[in-house]
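# Descriptive structure summary
Given next are the chains, with one letter for each unit.
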Amino acid sequence: MKNLNKLPTFANGCDSLLSKHLTDTVFAELKDKHTRNGFDLQQVINSGLINTDSSIGVYAGDKASYSTFSALFDPIIESYHGFKKTEQHQSNFNPNDLDAPNPDPENNYIISTRIRVARNLSALPLGSAISKRQRKIVERLIVVALNKLQGKLAGTYFPLQGMIEAERVKLVADHFLFKAGDRFLEAAGLNREWPEGRGIFHNDEKTFLVWVNEEDQLRMISMQMGGDIKAVFSRLSTAVAELETALRFSKSDHLGYITSCPSNLGTAMRASVHIKLPRLSKNMPEFEKIAKQYQLQIRGIHGEHSESQGSTYDISNRRRLGVTEVECVQVLHAGVLALINREKLF
Ligand code: ADP
Ligand code: CIR
């Protein structure tokens, strides 16, 4: 890709962290840099330039992107996670430390709970800078590791290539599989040679799933109906520990697990519930105020950048870096309790 020769301008109303932090000085410092994989500033910012409604707008092509382009990534990371460049990330994925009794034991509000973590292999570039051949290697390594899982985690890998279209559409509609053609990923170079090398693994019950070579090389997902957050967390903790014995994941002491998007660094964890809040959602300012107080993000039920349907929302932890896995989920639990208690008062 060609290097940029002047500071890009952003359309009126563009509110991305990229538009805020790509100053003259930062641009001058970074415009001629690239990593050993040839990843340059144009590639880092292309998604945010094309998609002016981005909330963040940047992607890394490899672990080195975070140091080579730190003048841009560091302030974005601090804005998103409240995490300073002098801090070290801490991990705690121990379910025994999680205090999360089901906030909705009578199933009145929570439809389902899902927790995912992203991972990438340390030996290879991230998806934006990976070659077709390397992507196939990643897929092969991951499938070998997945095929070793036993008991309730054991399952089958389904490559996207050759999948019957009606089955693919149903998996997406049922919230199990990633969408195709995401414009943010497209502009980041993450959809190259689609659908080659991409696929989904799941156990029979579809309570443990792994997305392969989407935004990150692995998205490990634990999900089930209802609000038993601790059961979902425990399953994921076990599965991740097992896969970590077979695969070497990219991480750093400072940034935790390395991911394509800086919003996912650290734990790379998004813990969410699909929750029905018919009364509170008619009062959006109050709904948003509670979400903000607990640092939760509100999404529509078909994932990021989707609209809500029938007063059901996807509520998840916003921060993933500088907090442990247990803390990510503890925050979700506290926020969901607060939302349910407020809904009951109407
Ligand atoms: P990610 O969680 O990996 O950041 P998305 O926001 O795009 O990605 O969501 C991916 C899929 O997971 C979507 O189909 C979304 O509806 C589904 N999903 C997210 N949270 C839940 C949940 N709590 N229950 C069921 N499906 C969920
Ligand atoms: C954006 O900037 O809006 C997209 N590139 C997606 C960013 C990831 N979003 C998030 O909140 N985790």
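Look up: the structure comes first, before these words.
Small disclaimer: the values here were computed from a predicted structure and weren't measured. (Residues numbered from 1 in each chain as written. Chains lettered and ligands numbered in written order. Predicted model: local features only at pLDDT ≥ 70, side-chain atom pairs only at ≥ 80, totals over all residues. Heavy atoms only, no water.)

## As for the nonpolar core
Note the cut-off: Here the nonpolar core consists of buried residues drawn from Ala, Val, Leu, Ile, Met, Phe, Trp, Tyr and Cys, with membership extended through side-chain atoms lying within 4.5 Å. Note on exposure labels: buried denotes an accessible area under 20% of the residue type's maximum, exposed denotes more than 50%, and partly exposed covers the range between, all computed with a 1.4 Å probe on protein chains only. Runs of E in the DSSP output that reach at least two residues are strands. Runs of H or I that reach at least four are helices, and both are numbered from the N terminus. In what follows, a contact means two residues having at least one pair of non-hydrogen atoms within 4.5 Å.
Ranked by internal contacts, the top residues of the largest apolar core, which has 57 residues, are Phe 208, Met 220, Leu 236, Met 269, Ile 275 and Ile 315. When residues of this core are assigned to their parent elements, the largest contribution, eight residues, is made by helix 11 (residues 325-345). Setting aside its immediate chain neighbours within four residues, Leu 236 contacts Phe 93, Ile 115, Arg 116, Val 117, Phe 208, Met 220, Ile 221, Ser 222 and Met 269. If you look at the next biggest cluster of nonpolar residues, it comprises 35 residues, including Phe 39, Ile 76, Leu 255 and Leu 265.

## What about helix 6 (residues 132-146)?
Since the α-helix packs 3.6 residues into each turn, any two residues three or four apart lie on the same face. Let me state the cut-off plainly: Here the expected length of a helix is defined as 1.5 Å per residue gap, with one fewer gap than residues.
Over its 15 residues, helix 6 extends 21 Å from the first C-alpha to the last, a length consistent with the 21 Å expected when each residue adds 1.5 Å. Among all positions of helix 6, only Gln 134, Arg 135, Val 138, Glu 139, Ile 142, Val 143, Ala 145 and Leu 146 are buried. Each element contacted by the buried residues of helix 6 is listed here: strand 2 (155-159), strand 3 (199-203), strand 4 (208-212), strand 5 (218-225) and helix 9 (229-246).

## Digging into the sheet that holds strand 8 (residues 269-276)
Sheet strands line up and pair through hydrogen bonds in the backbone, either parallel or antiparallel. Rules: In this scheme, strands are said to pair when DSSP sees at least two bridges between them. Interaxial angle, 0 to 180 degrees, is taken between N-to-C directions of lines fitted to C-alpha atoms, where a helix line uses only the stretch in contact.
Across the sheet, which stays open at both edges, the eight strands sit in the order 2-3-4-5-1-8-10-9 with antiparallel pairing between neighbours. Since the sheet does not close on itself, it has two edges, and those belong to strand 2 and strand 9 (296-299), each with one partner. Averaged over neighbouring strand pairs, the angle between their axes works out to 20° when direction is ignored. Where strand 2 meets strand 3, five bridges bridge the pair, whose relative direction is antiparallel. What sits directly across from Phe 158, in strand 3, is Ile 200. The sheet strands contacting helix 11 are strand 1 (110-119), strand 8, strand 9 and strand 10 (312-317), and the helix crosses strand 8 at an angle near 15°.

## Topic: the site of ligand 1
The condition that has to hold: Near, as used in this document, describes a residue that has one of its heavy atoms within 4 Å of the molecule or strand being considered. We call two N or O atoms a polar contact when they sit within 3.5 Å, provided that within protein one can donate a hydrogen and the other can accept it, with sequence-adjacent residues counted only if both atoms are side-chain atoms. In this description, accessible areas are obtained by the Shrake-Rupley approach with a 1.4 Å probe, and a residue is regarded as covered only by the protein chains that are shown. Charged residues are taken to be Asp, Glu, Lys and Arg, nonpolar residues to be Ala, Val, Leu, Ile, Met, Phe, Trp, Tyr, Cys and Pro, and polar residues to be all remaining types, Gly included.
Taken together, 18 residues lie near ligand 1, and Ser 112, Arg 114, Ser 272, Arg 299 and Ile 301 sit nearest. In this structure, His 175 approaches ligand 1 through a side-chain N or O atom, which is 2.7 Å from an oxygen atom. Here a nitrogen atom of ligand 1 and a side-chain polar atom of Ser 272 are 2.7 Å apart. Within the complex, 93% of the 560 Å² of free accessible area of ligand 1 lies under protein. Going through the elements one at a time, strand 1, strand 5 and strand 8 are the ones with two or more residues in the shell around ligand 1. Taken together, the residues of the shell around ligand 1 sort by class into four nonpolar, seven polar and seven charged.

## Some remarks on the pattern of salt bridges
Put simply, the test is: Salt bridge, as used here, is a side-chain nitrogen of Lys or Arg placed within 4 Å of a carboxyl oxygen of Asp or Glu.
Tallied over the entire structure, the rule returns 13 salt bridges. Where Asp 32 meets Lys 31, a salt bridge forms, and the shortest distance between an N and an O atom there is 3.1 Å. With a closest N to O distance of 3.7 Å, Lys 132 and Glu 196 form a salt bridge. Taken as a pair, Lys 132 in helix 6 and Glu 196 in the loop between helix 8 (183-187) and strand 3 lie far apart in primary sequence, 64 residues in all. For Lys 132, a relative accessible area of 42% translates into the label partly exposed.

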